[in-house]
Amino acid sequence: MSDNTADPRLIGARVAPKRSLRFSWSDPLFRSIVWQIVIVGVVVSIAWYLIHNTNENLTARRIATGFGFLDRVAGIPIGESMIDYNPAEHSYGRALLIGVLNTLKVAVIGVVLATILGTLIGIGRLSKNWLVAQLTAFYVETIRDIPLLLQLLFWYTVLQGLPTARQAWDRNVNGSVFLSNRGIKVPLLVWEPVHGWALLAFTAGLFGTWLWSRRSRRIQAETGARPATWPVALGLLIVPPVVVWLALGAPFQIDYPALRGFNFQGGGTVSPEYFALLLGLVIYTAGYIAEIVRSGIQAVPNGQWEAARALGLRHGAILRQVVLPQALRVVIPPMTSQYLNLTKNSSLAVAIGYQDIVSIANTTLNQTGQAIEGIAVIMAVYLTISLSISLFMNWYNAHIALVER
Amino acid sequence: MIRYVTSGAMALIAGMLLGSGFVQPASAQGTGSATLDATRTRGQLLCGTSGQVPGFSLPDSQGVMRGLDADTCRAVTAAALGDVAKVKFVPTTTQNRFTALQSGEVDMLSRSTTWTLGREGNLGLMFAWVNYYDGTGFLVKKSSGVTAAKQMDGATICVQPGTSTELAINDFYRQNNMKFTPILIQDLSELQSAFLSGRCDAYSTDASALATFRFSQGPKAADLVLLPDIISKEPLGVMVRKGDDKWFDVVRWTFIAMVTAEEKGVTSSNVDSFMTSTDPDIRRLLGIEGDLGKALGLDPKWAYNVIKQVGNFGEMWDRNITPMGVPRGINNLWTKGGLQYAPPMR
Ligand SMILES: N[C@@H](CCC(=O)N[C@@H](CS)C(=O)NCC(=O)O)C(=O)O
């Protein structure tokens, strides 16, 4: 419908006459404005009172206040960081940033893995295979019944039971990956600027692929025949990065972990703390996601299955192309709250020594004595992450919502 | 979930937001100390301890809290309320101890806390006395072959977050141009099991706690070595809130009374025989003469109660620390080459 056609329902309808505001209690408009002013006034005065009172109390008790500590040299050790950190020169602000990054590192990967595992288990519960259905049902029932904190401690203890670094080194079987109580050690590509450029080329290829598949879809809609996508996609994804890499000298050097002194040096590490936290969060949250997926699938009317079968589609194809897309609509809103849960539950990290934002903010507030500021930082971080997840999921939900015709 | 670690901070925030609680003015009839008055009305002294460290505060098999820190709480209770049974031990962690005291959840803190300028300057709290002169040490496995702290370049070290220990280790490594990986776990038993399982090469905290932890391992103690290096000064003290100076006096002088009693040879078992003493110091201490109790807002028999019910400082040490095989060292009386020196009680 174009914009300049009037809504047929309004044609000929009587439009309420415009009235001006009367300063009288009997005028509903006036009343509503007064009430809104009163409510805003009350909220603002309560907030002002609380802030003022807090400041008075803190001053009276001679407790340091303000966010000045953010610039102060931190001096607190941090075990695991995605950015450069030296306690002797970097600030509390940077330490807190590391905490945020560590929280995101576990939350983002956790959400992706929990979704994959949860979906598989949810589908498994509806399987016609008796064993699969029973096993997945058992998984869901047990995992949801054990408190997450216990599960995290369990996984952490299990990981501590792994051989020591020395034993792992001596028993070296496959040469480059080591599993010890110091974590998982893997060989790592020595990163050069060239690799960054190649990555950029790959991203460009990804974008090209997306454009190409849009074009294919349009052609399919117009002519019914879909041009082949995959050869083009493959070309776009492989050729540019390889060309860039070759053109810039094709550096390729692998850093292998080796036992030196107390510990492995070189290579990349997945720490037992991170791994235990990720494992615990994914396994726990997947139990809930599985139930959401199962109920989502069951919410799709049986007629859809029957109709698809009548078209001659096979079971897997029906599930993937007919049922799951429809189930998705039911699944997204409760899924959002699971994602939020996973993110918030990641604060249990402190129990097993993973330094997320709560852990680092806690240490900060303990070392600086600025408890209120520390808690404010924690709340602001979780609020921001949670709101971002919610906004994204709401957008996605609206995007895939059934357009009623 | 966040509450799991920050309950103390939350209580503090609630108190600061809603409390009208400026430092209460001295009331006319009361003792002049809001905290002392509160313990009397309550009939209980709330003392923040760890409850997890052998030799300092750990419940025995009967559930009775034992240790130097616990007895320090008892001593103040005997002085303030006349009866050690009126103490209530409130478990605190290294992370929530300060907020617990700031928010008024406890009346005093006696949990191996290091006296530093930052803590007195920023927290609105102050140290009344030192009940243990300590330093940061390292505990390692014998099998590691490490015999000195300087050999630990690249080591992974288990340490509790929010402690002065983590700062001391940082300084030590920085000074010696070495690197370490910290493993920071808040819960003490989780941290210790991480060390025992080999997740860390060393466990670091106050040397006293390392020694008593090693001792508590029984036959397995022989597998653990306490390195000779002490890398920092950690005077462990008793803390109170700023702004209640009278209460500060009570806590500080209770401790000094115990040291004085040791200096004078007055113990829990012989204190009654001193009631006829002619030594003016002892007569003032036991409240037979003078009015030191009144100056503190306490009963004249306050120090007698402390000595009778808890003992002098040496007794407290012998009861709690000696069995763990830790020598008295610098914690001895000044007359025996140590640092404990009681200012005159007059
Ligand atoms: N003295 C240091 C370290 C205090 C500390 O870590 N205490 C340990 C052992 S001495 C403790 O009480 N842990 C028991 C717990 O966390 O409950 C400080 O004040 O920061």
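About the thresholds
- Residues numbered from 1 in each chain as written.
- Chains lettered and ligands numbered in written order.
- Predicted model: local features only at pLDDT ≥ 70, side-chain atom pairs only at ≥ 80, totals over all residues.
- Heavy atoms only, no water.
- Helix = DSSP H or I, 4+ residues; strand = E, 2+ residues; numbered from the N terminus.
- Rg over C-alpha atoms; globule rule 2.2 N^0.38 Å.
- Buried < 20%, exposed > 50% of the residue type's maximum accessible area, 1.4 Å probe, protein only.
- Contact = heavy atoms within 4.5 Å.
- Areas by Shrake-Rupley, 256 points an atom, 1.4 Å probe, with all protein chains shown as cover.
- Lys, Arg positive; Asp, Glu negative; His and termini not counted.
- Charge placed at Lys NZ, Arg CZ, Asp CG, Glu CD.
- Domains from an automatic or database assignment.
- Buried area = accessible area lost by both parts, 1.4 Å probe.
- Salt bridge = Lys/Arg side-chain N within 4 Å of Asp/Glu carboxyl O.
- Polar contact = N/O pair within 3.5 Å; in protein donor to acceptor, adjacent residues only side chain to side chain.
- Nonpolar A, V, L, I, M, F, W, Y, C, P; charged D, E, K, R; others polar.
- Pairing = 2+ DSSP bridges.
- Phe/Tyr/Trp six-rings, centres within 6.5 Å; stacked < 30°, edge-to-face > 60°.
- Lys NZ or Arg CZ within 6 Å of the ring centre and 35° of its normal.
- Axes fitted to C-alpha atoms, helices over the stretch in contact; angles between N-to-C directions.
- Near = heavy atom within 4 Å.
- Core = buried A, V, L, I, M, F, W, Y, C linked by side-chain atoms within 4.5 Å.
- Disulfide = S-S within 2.5 Å.

Caption draft 1: Here's a closer look at the overall build of chain A. Across its full length, chain A carries 12 helices and seven strands. Against the 2.2 N^0.38 benchmark of 22 Å for 405 residues, chain A shows a C-alpha radius of gyration of 29 Å, more extended than a compact globule. Each of the 405 residues in chain A was classed as buried or not, and the buried ones make up 40%. Look at the contacts in chain A between residues 6 or more apart in sequence, and 65% of them connect residues 24 or more apart. Of the roughly 23,100 Å² of accessible surface on chain A, 66% is carried by carbon and sulfur atoms. Averaged over its 31 positive side-chain charges, chain A has a centre that lies 8 Å from the centre of its 20 negative ones.

Caption draft 2: View of the domain arrangement of chain A. The domains assigned to chain A are domain 1 (2–56) and domain 2 (94–166 + 176–184 + 269–400). Once you take the C-alpha centre of each, domain 1 of chain A and domain 2 of chain A turn out to be 42 Å apart.

Caption draft 3: Region of interest: the interface of chain A and chain B. Contacts between the two partners involve 52 residues from chain A, matched on the other side by 58 residues from chain B. A buried area of about 4,700 Å², summed over both sides, lies between chain A and chain B, and 57% of it is on carbon and sulfur atoms. When the area that chain A buries against chain B is broken down by residue, the three leading residues are Arg61, Phe262 and Asn366 of chain A, summing to 16%. In this assembly, chain A and chain B are joined by two salt bridges. For Arg182 of chain A, the salt bridge goes to Asp201 of chain B, with nearest N and O atoms at 2.8 Å. Along the contact surface separating chain A from chain B lie 12 residue pairs in polar contact (both at pLDDT 80 or more). Of all the elements in the fold, those that place two or more residues in the side of chain A that touches chain B are helix 1 (28–60), helix 4 (148–160), helix 8 (272–299), helix 10 (315–345), helix 11 (357–368) and helix 12 (371–400) of chain A. When residues of the side of chain A that touches chain B are assigned to their parent elements, the largest contribution, eight residues, is made by helix 1 of chain A. Looking at the side of chain A that touches chain B residue by residue, the class counts come to 26 nonpolar, 19 polar and seven charged.

Caption draft 4: Broad picture of helix 8 (residues 207–215) of chain B. Residues and elements named next belong to chain B. Along helix 8, seven of the nine residues are buried, which leaves the element largely enclosed by surrounding structure. When we look at burial in helix 8, the residues that qualify are Ala207, Ser208, Ala209, Leu210, Ala211, Thr212 and Phe213. Residues of helix 8 that are buried sit in contact with strand 6 (125–134), strand 7 (136–141), helix 7 (188–196), strand 10 (202–206), strand 11 (224–226) and strand 12 (234–241).

Caption draft 5: Just the pairing of strand 7 of chain B, in detail. Residue and element names in this part refer to chain B. Strand 7 sits mainly inside the fold: five of its six residues count as buried. Examined bridge by bridge, strand 7 and strand 10 share five bridges and lie antiparallel to one another. Each bridged residue has a counterpart across the sheet, and for Phe138 the counterpart in strand 10 is Ser204. Where strand 7 and strand 11 come together, three bridges link them in antiparallel fashion.

Caption draft 6: Molecular detail of the domain arrangement of chain B. Residue and element names in this part refer to chain B. We note that the domain assignment places domain 1 (2–134 + 235–336) and domain 2 (136–232) within chain B. Facing 19 residues of domain 1, the contacting portion of domain 2 comprises 19 residues. Between the two partners, domain 1 and domain 2, sit zero salt bridges. Where domain 1 touches domain 2, the interface holds seven residue pairs in polar contact (both at pLDDT 80 or more). At the level of secondary structure, the elements contributing two or more residues to the side of domain 1 that touches domain 2 comprise strand 5 (108–114) and strand 6. Of the residues belonging to the side of domain 1 that touches domain 2, the class tally is nine nonpolar, seven polar and three charged.

Caption draft 7: Broad picture of the packing of aromatic side chains. Residues and elements named next belong to chain B. Within the structure shown, the criterion is met by 23 aromatic pairs over all chains. Within the aromatic cluster, the residues linked to one another by ring pairs are Phe56, Tyr132, Phe255, Phe313 and Trp317. In this structure, Lys141 packs its charged tip against the face of Phe195, placed 5.6 Å from the ring centre.

Caption draft 8: A look at the sheet that holds strand 2 (residues 183–186) of chain A. Residue and element names in this part refer to chain A. Taking strand neighbours across the sheet as the criterion, the three strands line up as 1-2-7 in an open arrangement whose pairing is antiparallel. Each end of this open sheet is capped by a strand with a single partner; those strands are strand 1 (178–180) and strand 7 (268–270). Taken over all neighbouring pairs, the strand axes of this sheet differ in orientation by 20° on average, direction set aside. Pairing analysis gives three bridges linking strand 1 to strand 2, with the strands arranged antiparallel. Following the sheet pairing, Leu179 is matched in strand 2 by Ile184.

Caption draft 9: Examining the site of the ligand more closely. Residues and elements named next belong to chain B. In the vicinity of the ligand, 20 residues are found, and the nearest of them are Thr114, Arg119, Gln160, Ser164 and Asp206. Within the contact set of the ligand, an oxygen atom lies 2.8 Å away from a side-chain nitrogen or oxygen of Gln160. At a separation of 2.9 Å, a nitrogen atom of the ligand approaches a polar side-chain atom of Asp206. Summarising the interface, the protein chains cover 99% of the accessible area of the ligand, which totals 500 Å² for the free molecule. Among the elements that line the shell around the ligand, the one with the most residues is strand 5, at four residues. Here the shell around the ligand is composed, by residue class, of four nonpolar, 11 polar and five charged. Here the shell around the ligand spans two domains, since at least three of its residues come from each of domain 1 (2–134 + 235–336) and domain 2 (136–232).

Caption draft 10: Structural context of the nonpolar core. Ranked by internal contacts, the top residues of the largest apolar core, which has 148 residues, are Met108, Trp247 and Trp302 of chain B. A total of 14 residues in this core trace back to one element, the largest contributor, which is helix 8 of chain A. Sequence-distant contacts of Trp302 of chain B, defined by excluding residues within four places in its chain, comprise Ala78, Ala79, Trp253, Thr254, Ala257, Leu292, Gly293, Leu296 and Met345 of chain B. Listed in part, the 18 residues of the second largest apolar core include Ala149, Tyr173, Phe180 and Leu184 of chain B.

Caption draft 11: Highlighting the state of the cysteines. All names here are of chain B. Under the counting rule described, the total for this entry stands at two disulfides over all chains. The disulfide partner of Cys47 is Cys73, and the gap between their sulfur atoms is 2.0 Å. Between Cys47 and Cys73, the S-S torsion sits near -65°, and that sign places the bridge as left-handed. Of this pair, Cys47 sits in strand 1 (residues 45–49) while Cys73 sits in helix 3 (residues 68–81), and the two are 26 residues apart along the sequence.

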